[in-house]
Amino acid sequence: MGSERQQRMKALGARLKGLRGEAGLTGAMLAQRAGVGQPTVSKVENGRMVPSVDVLGRLTRALGLDESTTREVRDLLVAVETAPGGVEFAGGEAPTGSPLDEAVRSARLVRSFQCVVLPAMLQSAEYARHVFDSAPDSTPEGVGRAVAARVERQSLLYEPGRESVFVLTEGVLRTWPGSPGLMLAQFDRLLAVESLRTVRLGVIPWRRSVPVMPRHGFTLCDRRAVVVESLRGERALDDSAEIAAYEETFACFEEAAIFGAEVRELLLRVMREFQELDPSTTR
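Residues numbered from 1 in each chain as written. Predicted model: local features only at pLDDT ≥ 70, side-chain atom pairs only at ≥ 80, totals over all residues. Heavy atoms only, no water.

K.L.:
How would you explain the overall build of the chain if you had to name every residue and give the values?
P.N.:
When helices and strands are tallied, the chain shows twelve helices and six strands. Looking at the chain as a whole, 50% of its 283 residues qualify as buried. Long-range pairs, those at least 24 residues apart, make up 76% of the contacts in the chain between residues at least 6 apart in sequence. Working note: accessible area of the chain is about 13,800 Å², and carbon and sulfur atoms make up 52% of it. (Helix = DSSP H or I, 4+ residues; strand = E, 2+ residues; numbered from the N terminus. Buried < 20%, exposed > 50% of the residue type's maximum accessible area, 1.4 Å probe, protein only. Contact = heavy atoms within 4.5 Å. Areas by Shrake-Rupley, 256 points an atom, 1.4 Å probe, with all protein chains shown as cover.)

K.L.:
Could you give an account of the packing of aromatic side chains, with specific residues and numbers?
P.N.:
Inspection of every chain in the model, using the stated rule, returns six aromatic pairs. Between Phe113 and Phe218, the aromatic rings sit 5.8 Å apart at their centres with planes inclined by 40 degrees, giving tilted as the arrangement. In this pair, Phe113 is assigned in strand S1 (residues 109-114) and Phe218 in strand S4 (residues 218-221), connecting sequence segments 105 residues apart. When the centroid spacing of 4.8 Å and the interplanar angle of 55 degrees are considered together, the rings of Phe218 and Tyr246 count as tilted. Remark: Tyr246 occurs in helix H11 (residues 240-256) and Phe218 occurs in strand S4; sequence separation between them is 28 residues. Each of the two residues, Phe218 as well as Tyr246, counts as buried. A connected cluster of aromatic rings, assembled from ring pairs, spans Phe113, Phe218, Tyr246, Phe250 and Phe253. (Phe/Tyr/Trp six-rings, centres within 6.5 Å; stacked < 30°, edge-to-face > 60°.)

K.L.:
Let's hear about H11: which residues, and what values?
P.N.:
Compared with the 24 Å implied by 1.5 Å per residue over 17 residues, the 25 Å span of H11 between its first and last C-alpha is a close match. Taken as a whole, H11 has its buried residues at Ile243, Tyr246, Glu247, Phe250, Phe253 and Ala256. The N-cap of H11, judged by a side-chain oxygen 3.1 Å from the amide nitrogen of Ala241 a few residues on, is Asp239. (Expected span 1.5 Å × (residues − 1). Polar contact = N/O pair within 3.5 Å; in protein donor to acceptor, adjacent residues only side chain to side chain.)

K.L.:
Tell me what's going on with the packing of helix H7 (residues 125-133) against helix H8 (residues 140-153), and back it up with residues and numbers.
P.N.:
To characterise two packed helices, one gives the angle between the axes of the helices and the distance between these axes. As a packed pair, H7 and H8 sit with axes 9 Å apart at the nearest point and diverge in direction by 135 degrees. On the basis of their axis angle, the class for H7 and H8 is oblique. For H7 against H8, the interelement crossing comes out right-handed. Mapping the contact onto sequence places Ala125, Ala128, Arg129, Val131, Phe132 and Asp133 in H7 and Val143, Gly144, Ala146, Val147, Arg150 and Val151 in H8. (Axes fitted to C-alpha atoms, helices over the stretch in contact; angles between N-to-C directions. Parallel < 35°, antiparallel > 145°, perpendicular 65-115°, else oblique. Left-handed = near helix turned anticlockwise from the far one by under 90°.)

K.L.:
Would you mind going over empty space enclosed by the protein in detail, with residue names and values included?
P.N.:
Using a probe with the size of a water molecule, rolled over the atoms, empty space left in the structure can be pinpointed. In this structure the tally under the stated criterion is three cavities of 30 Å³ or more. In this structure, the second largest cavity spans a volume of roughly 60 Å³. Lining the second largest cavity, in full, are Val104, Ala107, Arg108, Leu109, Val110, Met121, Leu156, Leu157, Arg162, Glu163 and Ser164. Going through the elements one at a time, S1 and strand S2 (163-169) are the ones with two or more residues in the lining of the second largest cavity. Here the lining of the second largest cavity is built from residues that sort into seven nonpolar, one polar and three charged. (1 Å grid on protein atoms, 1.4 Å probe; cavity = no way out; pocket = protein on both sides within 12 Å on 5 of 7 lines; lining within 4 Å. Points joined across faces, edges and corners; volume = space filled by probe spheres on them. Nonpolar A, V, L, I, M, F, W, Y, C, P; charged D, E, K, R; others polar.)

K.L.:
Describe the nonpolar core, and please don't skip the residues or the numbers.
P.N.:
Grouped burial of nonpolar side chains is what soluble globular proteins tend to show. Leu16, Leu59, Phe166, Leu168, Leu173, Phe187 and Leu190 are the most contacted members of the largest nonpolar core, which totals 56 residues. Ignoring sequence-local partners within four residues, the contact set of Leu190 consists of Leu118, Leu122, Leu173, Leu201 and Leu267. Residues Phe113, Ile204, Phe250 and Phe253 belong to the second largest nonpolar core, which totals 17 residues. (Core = buried A, V, L, I, M, F, W, Y, C linked by side-chain atoms within 4.5 Å.)

K.L.:
So, the pairing of S4: which residues are in play, and what are the values?
P.N.:
Here S4 shows a buried face lined by Phe218 and Leu220 and a second buried face lined by Thr219 and Cys221. The pairing of S1 with S4 spans four bridges and is antiparallel. Across the sheet, Arg111 pairs through a bridge with Leu220, a residue of S4. (Pairing = 2+ DSSP bridges.)

K.L.:
Before we move on, can you summarise unusual backbone geometry with the specific residues and values?
P.N.:
In this structure, Asp222 takes a positive phi of about 50 degrees despite not being glycine. With respect to the helices, strands and loops of the structure, Asp222 is situated in the loop between S4 and strand S5 (225-230).

K.L.:
Which residues make up the confidence of the model for the chain, and what values go with them?
P.N.:
Regions with low pLDDT carry predicted coordinates that are not meant to be interpreted in detail. Averaged over all residues, the pLDDT of the chain equals 86, while 88% of them reach at least 70. When the elements of the chain are averaged for pLDDT, helix H6 (residues 99-105) gives the smallest value, 70, and strand S3 (residues 199-204) the largest, 98. (pLDDT = per-residue confidence, 0-100.)

K.L.:
Now, about the environment of Ala256: what can you tell me, with residues and values included?
P.N.:
Counting through the fold element by element, Ala256 comes out in helix H11. Along the chain, Ala256 and Val212 lie 44 residues apart, while their C-alpha atoms are 10.0 Å from each other. Not counting residues up to four positions away in its chain, the partners in contact with Ala256 are Ile204, Pro205, Arg208 and Pro211.

K.L.:
Give a description of the pattern of salt bridges that names residues and reports values.
P.N.:
One pass over the structure, following the stated rule, counts twelve salt bridges. Notably, a salt bridge pairs Glu45 with Arg20, separated by 2.7 Å at the nearest N-O pair. Residue Glu45 is located in helix H3 (residues 38-45), and its partner Arg20 is located in helix H1 (residues 4-22); the two are separated by 25 residues in the primary sequence. Arg20 shares its class with Glu45; the two are buried. For Glu194, the salt bridge goes to Arg264, with nearest N and O atoms at 3.1 Å. Placement of the pair is Glu194 in helix H10 (residues 180-194) and Arg264 in helix H12 (residues 260-277), with a sequence separation of 70 residues. Classification of Glu194 as buried rests on a relative accessible area of 8%. Each of Arg111, Arg223 and Glu247 takes part in salt bridges that share partners, so that together they form one network. (Salt bridge = Lys/Arg side-chain N within 4 Å of Asp/Glu carboxyl O.)

This is how it looks when you write it as structure tokens:
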């Protein structure tokens, strides 16, 4: 029978498929009009992927839906996102279909603030494995698929024409899973990514007070959506007022952060502290 979440995903997919049929469009035609991949249309219609707010908006516009039907389809998406179990992570069937994944893939400007864990786009494979292992109802197979999808998504950092800005608190760098050796490899990745022209990496040092008390991490994707991350998963919001509020908050955190040579110095200093914790490190 499947979980309640899976049933709601299938209901959303079936409704979109029916609307596509009424519009006289093939899956390929709808994908072309919406500016998304044909596999995305197929996975959404078959209940194997949760579309982001942005992707759903593209599909509804491509289908030429009226306001009432558009609202109905959006309500079906909300029903999926609020189903028991939250947004799928490691234990789900389609880790690449999370709101954050779809929103990031379609954005040219990504701005992410994190105060608990490292941004998904910056995580090493082993760090990500610990993140997914801690998700409710995770399975080894699901964790493996989720880690592979996360690593694959990170290739977006290297694409010309994209810009990514990450701001973390220093506490994120000092909240670590696994072993000191895992974190040493993670710091190598942070230093490598920080040097990319397409990336700005900032850290709010613990010696500097935060301008706003952070409550959770969030990621702004262009100015079309913000993905809010919580213990239960991810939720994509497209309300313009909410997006504006998160943009203002991100700007405050960005202003408080250090970048460039200062952040590299901080990363190296914390990295040396992890070396002192690692008995296998020789100096």
